[in-house]
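Analysis of the macromolecular model
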Amino acid sequence: MNLSHSKIFNQIIMSDVKERTLVLIKPDAIQRGLMGEIISRFEKKGLKLVGCKMMELEEALLREHYAHIADKPFFGGLAKFMQSTPVVAMCWEGLEVVNAVRLLCGITKAREAEAGSIRGDLAMSVACNVVHASDSIENAEAEVSRFFKEDDLHSYDKSEYMHVYAEDERG
Ligand code: IDP
Ligand code: MG
């Protein structure tokens, strides 16, 4: 590929595929050796991993992350579970990726999640449902910046985008 081709290629693949979402691999998946399987589901879908780290969830971060359920009776148990091992925090990028990742993960109650989804295939529990995924574009933006500094997020070209997206979907 000559330089001018490469420039055009970069403009095509980088322009409009920029939505980002947060995924956490939860402690049950860490214990059960499912990290690779879960990452693989997102990779095979054609998503781009732009941030990834293993981390322990501090009390304050956990409370902020689960503020919408902090008053529920199960919160104490959930907090203990989420702090029982480190989690893997990931930022995935793609076109309408927030919705796509929620669909890949399946519904909260894993034993009723659709077969083929990550929870539907890999889990049985409500609390221990192997992954977290942001549930709206607004929450995804807040969650990505809660878990990652801008410096920890990477920008790079993914050549497979030429085959993952049609030209009009690349912007
Ligand atoms: P989500 O992860 O599918 O978005 P949320 O309602 O945001 O579901 O709840 C966050 C997490 O809290 C769930 O993934 C699950 O681990 C836990 N959780 C939700 N509801 C219950 C419950 O009724 N009992 C125990 N844990 C729950
Ligand atoms: Mg949620």
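Report follows, based on the coordinates. (Residues numbered from 1 in each chain as written. Chains lettered and ligands numbered in written order. Predicted model: local features only at pLDDT ≥ 70, side-chain atom pairs only at ≥ 80, totals over all residues. Heavy atoms only, no water.)

Turning our attention to the packing of aromatic side chains. Applying the stated criterion across every chain, the model contains two aromatic pairs. Ring plane angle 40 degrees and centroid distance 5.3 Å describe the contact between F42 and W92, whose orientation is recorded as tilted. In this pair, F42 sits in helix α3 (residues 35-45) while W92 sits in strand β3 (residues 87-94), placing the two residues 50 residues apart along the sequence. When the centroid spacing of 5.1 Å and the interplanar angle of 90 degrees are considered together, the rings of Y161 and Y165 count as edge-to-face. Directly above the ring of Y156 sits K48, whose terminal nitrogen or CZ lies 5.1 Å from the centroid. (Phe/Tyr/Trp six-rings, centres within 6.5 Å; stacked < 30°, edge-to-face > 60°. Helix = DSSP H or I, 4+ residues; strand = E, 2+ residues; numbered from the N terminus. Lys NZ or Arg CZ within 6 Å of the ring centre and 35° of its normal.)

Another aspect to go through is α3. Burial in α3 covers these residues: I38, S40 and F42. Contact partners of the buried residues in α3: β1 (19-25), α2 (27-31), β3, α6 (97-105), α7 (118-122) and β4 (131-133). Directly beyond the C-terminal end of α3, a positive phi value near 105 degrees is found at G46. (Buried < 20%, exposed > 50% of the residue type's maximum accessible area, 1.4 Å probe, protein only. Contact = heavy atoms within 4.5 Å.)

Mapping R119 onto the fold places it in helix α7. Within the buried set, R119 has no salt-bridge partner at all; the shortest N-O distance to an opposite charge, 8.1 Å, is to D28. When sequence neighbours within four positions are dropped, the list of residues in contact with R119 reads K26, C105, G106, I107, T108, A110, A113, N129, V130, V131 and H132. (Lys, Arg positive; Asp, Glu negative; His and termini not counted. Salt bridge = Lys/Arg side-chain N within 4 Å of Asp/Glu carboxyl O.)

Turning to the site of ligand 1, a few remarks are in order. If you check the shell around ligand 1, you find K26, Y66, H68, I69, F74, L78, R102, T108, R119, V126, A127 and N129 and nothing else. One of the backbone nitrogen or oxygen atoms of A127 is found 2.8 Å away from an oxygen atom of ligand 1. N129 places a side-chain nitrogen or oxygen 2.9 Å from an oxygen atom of ligand 1. Its free accessible area being 530 Å², ligand 1 has 77% of it covered by the protein chains. Here the shell around ligand 1 is composed, by residue class, of six nonpolar, three polar and three charged. (Near = heavy atom within 4 Å. Polar contact = N/O pair within 3.5 Å; in protein donor to acceptor, adjacent residues only side chain to side chain. Areas by Shrake-Rupley, 256 points an atom, 1.4 Å probe, with all protein chains shown as cover. Nonpolar A, V, L, I, M, F, W, Y, C, P; charged D, E, K, R; others polar.)

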